[in-house]
Amino acid sequence: RPNIRDISSMASMATLFVAAMAASPTGASFSAARPNCPTGMQCLTVHANGFDFECMVTQPQGPPNTSSKGDVLLLHGFPEWLGMFTTLMGELQTVGHRSAACNQRGYSLGARPDDPSAYHYSTLRSDVYALVAALNLTPSFHLVGHDHGAALGWYTAAEDKGNVLSYAALSVPHLDAFNAGLFGPTADVQQQIASQYFTMFVLPNSSSIHDNFWYNAMGGSKNADSVFGANFPTAADLQRALYWYNGAMATGTMAMPPLMSVAELEAHGASGTAKLRALFGGTPNAGHAAPVAIGRVTVPAVFICGAQDTALLCTRPYALETSKFCTGGYRYLEVDCDHNLMSCANQTITNQVMAAVIANVQQAEA
């Protein structure tokens with residue numbers, strides 16, 4: 001998978017451009033014989049919330065889990081696929097937890113609505129519960145999310161009324177803490193700079209403007225799911241995944257950082273981001289707050305941060321405020337990794353991340 005958060009790489013591209021059933025009674029489509037389905041997994045398509053989602057589970061689909069252990073649902077980020085969680089799902093299985101991951105709305109081939117309003121965070125949250133039901137997961141379940149999946153996970157866990165048993169957030173701090181870092185009197189200028197791509201991703205046809213810049217930067221059709229083979233064959237397909245950013249803004253749960261000028265970015269030494277601004281333009285503005293505070297998460301939560309992450313500066317003071325919003329037990333883990341915590345350069349560190357996720361699940365059931 002391309003390192004989508006490498007702003008320097010994005011900037012160099014900009015320079016070149018400027019220069020030149022379900023588990024329901026109606027049934028699901030089972031795919032146990034799928035050649036790329038990992039050993040010990042079942043790969044299937046389920047119908048949920050009106051769409052067909054490609055999913056992977058660690059046990060054959062059947063009656064709901066009747067053991068005392070809750071199942072685990074894992075939410076990938078942008079622009080990622082369910083396969084990122086394969087190893088973690090295997091580790092969860094070894095300690096007795098059934099788990100599932102799906103290519104989410106905008107990613108599964110049968111779940112790519114055209115309308116940006118179909119990616120409202122409240123709709124994405126409803127997908128979570130619909131998938132839990134469609135996959136016959138335990139009604140009370142553990143949640144794990146990375147990147148945009150982590151943002152959705154915070155939103156789901158904070159709004160939940162007793163179904164979420166624990167939450168593990170990879171890379172993204174609690175949304176109320178994150179939003180304070182993006183906008184307002186305690187905003188973190190470095191995070192505002194790192195998040196300038198927000199102002200570009202939400203533009204109309206953001207995937208295809210400027211000669212498919214973002215589509216090509218994200219790997220184009222080569223950015224593919226290793227399990228189901230799904231990909232983004234055109235810029236219009238990637239646009240569906242980008243609508244998650246529009247949906248977060250429309251829901252009011254994510255702040256927009258100030259749109260900084262080329263001169264301002266260069267003054268802060270962010271020459272790469274300044275090149276992106278020169279390409280995408282835009283009138284500088286102050287950004288805006290998130291109108292909605294999601295509030296406290298009352299189940300055991302762990303926030304895992306890659307110290308080398310250049311997109312989510314999760315070691316900064318604003319991100320560490322996450323602890324104030326977690327009242328059901330909280331742990332913060334900082335590791336020597338970048339944004340891709342499921343595939344750190346050092347496998348030992350990836351193992352540490354997985355162990356922390358599993359420990360959070362087990363703590364919730366102790």
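**What about the overall build of the protein chain?**
Right, so step 1: Secondary structure assignment for the protein chain yields 13 helices and nine strands.
Right, so step 2: Per element, the accessible surface of the protein chain, about 13,600 Å² overall, is 54% carbon and sulfur.

**Description of the side chain of His 146**
Right, so step 1: You can see His 146 is positioned in strand E6 (residues 141-146).
Right, so step 2: Among the polar contacts made by the side chain of His 146, one reaches the main-chain carbonyl oxygen of His 339 at a distance of 2.7 Å.
Right, so step 3: Setting aside chain neighbours within four positions, we find His 146 in contact with Leu 75, His 76, Gly 77, Glu 80, Met 84, Phe 85, Leu 170, Ser 171, His 339, Asn 340 and Leu 341.

**Regarding the side chain of Arg 240**
Right, so step 1: Note on placement: Arg 240 falls in helix H9 (residues 235-251).
Right, so step 2: Classification of Arg 240 as buried rests on a relative accessible area of 16%.
Right, so step 3: Looking at Arg 240, its side chain comes within polar contact range of the side chain of Asp 114, at 2.2 Å.
Right, so step 4: If near-sequence neighbours (up to four positions away) are discounted, Arg 240 is found in contact with Gly 106, Arg 112, Pro 113, Asp 114 and Tyr 119.

**Quick word on the packing of helix H2 (residues 86-94) against helix H13 (residues 347-365)**
Right, so step 1: Where H2 contacts H13, the axes come no closer than 10 Å and their chain directions differ by 45 degrees. Relative to H13, the element H2 is oriented oblique. Along this stretch, H2 crosses H13, giving a crossing that reads as right-handed. For the pair H2 and H13, contact is made by Thr 87, Leu 88, Glu 91 and Leu 92 and by Met 354, Val 357 and Ile 358, respectively.
Right, so step 2: Among the residues forming the contact of H2 with H13, the class breakdown is five nonpolar, one polar and one charged.

**Here's the deal with the confidence of the model for the protein chain**
Right, so step 1: Counting all residues, the mean pLDDT for the protein chain is 91, and 88% of those residues have values of 70 or more.
Right, so step 2: Across residues 7-33, confidence stays below pLDDT 50; counting only partners more than four residues off in sequence or on other chains, it has 58 contacts.

**Here's the deal with the pattern of salt bridges**
Right, so step 1: This structure, assessed with the given rule, holds six salt bridges.
Right, so step 2: The shortest N-O distance in the salt bridge between Arg 105 and Asp 127 comes to 2.7 Å. Of this pair, Arg 105 sits in the loop between strand E5 (99-102) and helix H3 (121-134) while Asp 127 sits in helix H3, and the two are 22 residues apart along the sequence.
Right, so step 3: Across the pair Arg 125 and Glu 159 runs a salt bridge, and its minimum N-O distance is 3.9 Å. Of this pair, Arg 125 sits in helix H3 while Glu 159 sits in helix H4 (residues 148-159); the two residues are 34 residues apart in sequence, bridging distant segments of the chain.

**What about unusual backbone geometry?**
Right, so step 1: Each neighbour pair has its own omega, and for Phe 78 with Pro 79 the value is -25 degrees, a cis peptide bond.
Right, so step 2: Along the chain, the position of Pro 79 falls in the loop between strand E4 (71-75) and H2.
Right, so step 3: We note that Asn 136 has phi near 60 degrees; this positive angle belongs to a residue other than glycine.
Right, so step 4: Residue position: Asn 136 is located in the loop between H3 and E6.
Right, so step 5: A positive phi is found at Asn 212, a non-glycine position, where the angle reads about 60 degrees.
Right, so step 6: Within the fold, Asn 212 resides in helix H8 (residues 209-217).

**What about the nonpolar core?**
Right, so step 1: Counting residues in hydrophobic clusters, the biggest one holds 80 residues, and the most contacted among them are Leu 73, Phe 78, Leu 135, Trp 154, Phe 198 and Trp 214.
Right, so step 2: Sort the elements by how many residues they give to this core and H9 lands first, with nine residues.
Right, so step 3: With near-sequence residues (within four places) excluded, Phe 198 lies in contact with Phe 178, Leu 182, Tyr 245, Met 249, Met 254, Ala 255, Met 256 and Pro 257.
Right, so step 4: Formed by 31 residues, the second largest nonpolar core is a distinct cluster that contains Cys 37, Met 41, Cys 43 and Met 354.

The rules behind these values
- Residues numbered from 1 in each chain as written.
- Predicted model: local features only at pLDDT ≥ 70, side-chain atom pairs only at ≥ 80, totals over all residues.
- Heavy atoms only, no water.
- Helix = DSSP H or I, 4+ residues; strand = E, 2+ residues; numbered from the N terminus.
- Areas by Shrake-Rupley, 256 points an atom, 1.4 Å probe, with all protein chains shown as cover.
- Polar contact = N/O pair within 3.5 Å; in protein donor to acceptor, adjacent residues only side chain to side chain.
- Contact = heavy atoms within 4.5 Å.
- Buried < 20%, exposed > 50% of the residue type's maximum accessible area, 1.4 Å probe, protein only.
- Axes fitted to C-alpha atoms, helices over the stretch in contact; angles between N-to-C directions.
- Parallel < 35°, antiparallel > 145°, perpendicular 65-115°, else oblique.
- Left-handed = near helix turned anticlockwise from the far one by under 90°.
- Nonpolar A, V, L, I, M, F, W, Y, C, P; charged D, E, K, R; others polar.
- pLDDT = per-residue confidence, 0-100.
- Salt bridge = Lys/Arg side-chain N within 4 Å of Asp/Glu carboxyl O.
- Core = buried A, V, L, I, M, F, W, Y, C linked by side-chain atoms within 4.5 Å.

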